[in-house]
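Survey of secondary and tertiary structure
Listed below are the residues making up each chain.
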Amino acid sequence: MKGYRPKDPVGDERWKAIAMQYSEFDRHIELFSGESGARCPSGCGICCTGAWEPEITAPEAEFAARYIIEAREDLQQRFELLQERECCIFYDHHNPFHCMIYSVRPVICRGFGFSGYTDKNGSFIYRPCRHMECSDPRKPPLSGPVLSDYQAQYTLEYREVLPISEAVFHAWQKLQYRFSLEAHDSPESRE
Ligand code: SF4
Ligand code: SF4
């Protein structure tokens, strides 16, 4: 699935930067998957079905919310499930990727099972998902994507995090408001 590109990235460099960073992270994960043999079993989506949801900061939430406004208006009805939800509101068992916002899913969703962290000596420690297939789990990969490196620009500046369903809902509300103000102030609306 192709990455999402906001319609007017010039208007907000932050969104453009997120799109580029996601592409870079995906390439890193693909390389890692090829080298390590790490794979998700076909049809699995267990990580998205639990009550625990990934927590994300405002920039990633805004990126997903903007995608919903610009490209997937039909997904706005998912917000009605917010209070009664049992898992992430974007999980869809019938979708081949199990995710309705697959192209704009945050870093933590992209990297889960395909990334790791560095220990105090700077060595890469792979953190596989227990449901994953791996070519040879006795030979842990010596290098790979470090999740915190990719999350850094979102977590250092924006310390507040929310579960993804709520984060995207709040971002969507804010953006709707912002876009309505911009439309109201545009030269066309003043004619
Ligand atoms: S990361 Fe784990 S739980 Fe999620 S789809 Fe892959 S194998 Fe399944
Ligand atoms: S955004 Fe998508 S990948 Fe992330 S938890 Fe929700 S359904 Fe899963």
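The structure this text deals with has already been given above.
Described below are features of the structure shown in this document.

So, how was this worked out
Within each chain, residues carry numbers counting from 1 in the order of the written sequence. In the order they appear in the text, chains get letters beginning with A and ligands get numbers beginning with 1. This being a predicted model, a pLDDT of at least 70 is required before a residue's local features are given, and a value of 80 or more before pairs of side-chain atoms are given or counted; all residues contribute to the totals for chains, interfaces and linings. A helix here means a DSSP run of H or I that spans at least four residues, while a strand means a run of E at least two residues long, and both kinds are numbered starting from the N terminus. With C-beta atoms placed from the backbone, the exposure class of a residue follows from how many other C-beta atoms lie within 10 Å of its own: 20 or more, buried; 12 or fewer, exposed; in between, partly exposed. Whether two residues are in contact is decided by their C-beta atoms, placed from the backbone, lying within 7 Å. Nearness between a residue and a molecule or strand is assessed with a C-beta atom placed from the backbone; a distance within 6 Å qualifies. We call Asp, Glu, Lys and Arg charged. Ala, Val, Leu, Ile, Met, Phe, Trp, Tyr, Cys and Pro are nonpolar, and the rest, Gly among them, are polar. Structural elements are reduced to axes, namely lines fitted to C-alpha atoms, with helices fitted over the stretch in contact, and the angle between N-to-C directions of any two is expressed from 0 to 180 degrees. Note on convention: the crossing is left-handed when the near helix lies turned anticlockwise from the far helix by less than a right angle, right-handed when the turn is clockwise. The span expected for a helix works out to 1.5 Å for each residue beyond the first. Joined through C-beta atoms within 7 Å, a set of buried Ala, Val, Leu, Ile, Met, Phe, Trp, Tyr and Cys residues constitutes a nonpolar core. Small angles under 35 degrees read as roughly parallel and large ones over 145 as roughly antiparallel, with 65 to 115 read as roughly perpendicular and the rest as oblique.

1. Structural notes on the overall build of the chain
- For the chain, the count of helices and strands is 6 helices and 4 strands.
- The order of α-helices and β-strands along the chain, N terminus first, is α-β-α-α-β-β-α-β-α-α.
- When the 191 residues of the chain are sorted by exposure, 27% land in the buried category.
- For the chain, contacts bridging at least 24 residues in sequence account for 75% of all contacts bridging at least 6.

2. Looking at the site of ligand 1
- The immediate surroundings of ligand 1 are formed by Cys 40, Pro 41, Cys 44, Gly 45, Ile 46, Cys 47, Phe 112, Gly 113, Cys 129, His 131 and Met 132.
- Partitioned by chemical class, the residues of the shell around ligand 1 number 8 nonpolar, 3 polar and no charged.

3. Overview of the environment of Leu 175
- Within the secondary structure, Leu 175 sits in helix α5 (residues 164-185).
- Once residues lying within four places of it in the same chain are set aside, the contact partners of Leu 175 are Glu 62, Ala 65, Arg 66 and Ile 69.

4. So, unusual backbone geometry
- The backbone phi angle of His 98 is positive, close to 65°, even though this residue is not glycine.
- One can find His 98 in the loop between α2 (58-71) and α3 (107-111).

5. Some details on the packing of α2 against α5
- At their nearest, the axes of α2 and α5 sit 8 Å apart, and the two run at 65° to each other. In the crossing of α2 with α5, the sense of the turn from one axis to the other is right-handed. Contact residues: Ala 58, Ala 61, Glu 62, Ala 64, Ala 65, Arg 66, Ile 68 and Ile 69 in α2; Ala 167, Val 168, His 170, Ala 171, Trp 172, Leu 175 and Gln 176 in α5.
- For the contact of α2 with α5, the residue count by class is 11 nonpolar, 2 polar and 2 charged.

6. Comments concerning α5
- Look at α5: 31 Å from first C-alpha to last across 22 residues, which is about the 32 Å you get at 1.5 Å a residue.
- Within the sequence span of α5, burial applies to Ile 164, Ser 165, Ala 167, Val 168, Phe 169, Ala 171 and Trp 172.
- Next to the buried residues of α5 lie β1 (55-56), α2 and β4 (162-163).

7. Looking at the nonpolar core
- Formed by 26 residues in total, the largest nonpolar core has its most connected members in Ala 61, Ala 64, Ala 65 and Val 168.
- Of all the secondary-structure elements, those providing two or more residues to this core are α1 (13-36), α2 and α5.

8. Section: the environment of His 28
- Structurally, His 28 is set in helix α1.
- Once the C-alpha coordinates of His 28 and Val 146 are considered, the two residues, 118 residues apart in sequence, prove to be 9.8 Å apart.

9. Considering the environment of Val 107
- Following the sequence through the fold, Val 107 ends up in helix α3.
- Taking the C-alpha atoms as reference, Val 107 lies 6.7 Å from Gln 151; in sequence the two are 44 residues apart.
- Residues contacting Val 107, with those up to four places away along its chain left out, are Phe 25, Glu 60, Leu 147, Tyr 150 and Gln 151.

10. Considering α1
- The end-to-end C-alpha distance of α1 is 34 Å, a good match for the 34 Å that 24 residues give at a rise of 1.5 Å each.
- Restricting attention to buried positions, one finds in α1 the residues Trp 15, Ile 18, Tyr 22, Phe 25, Phe 32 and Ser 36.
- One or two positions beyond α1, positive phi appears at Gly 37, with a value near 80°.

11. Comments concerning the packing of α1 against α2
- Across the interface, α1 lies against α2 with an axial gap of 10 Å and an inter-helix angle of 90°. Comparing the axis directions of α1 and α2 gives the class roughly perpendicular. Residues Arg 14, Trp 15 and Ile 18 of α1 touch α2, and the partners they reach there are Pro 59, Glu 60, Phe 63 and Arg 66.
- Residues of the contact of α1 with α2, tallied by class, amount to 4 nonpolar, no polar and 3 charged.

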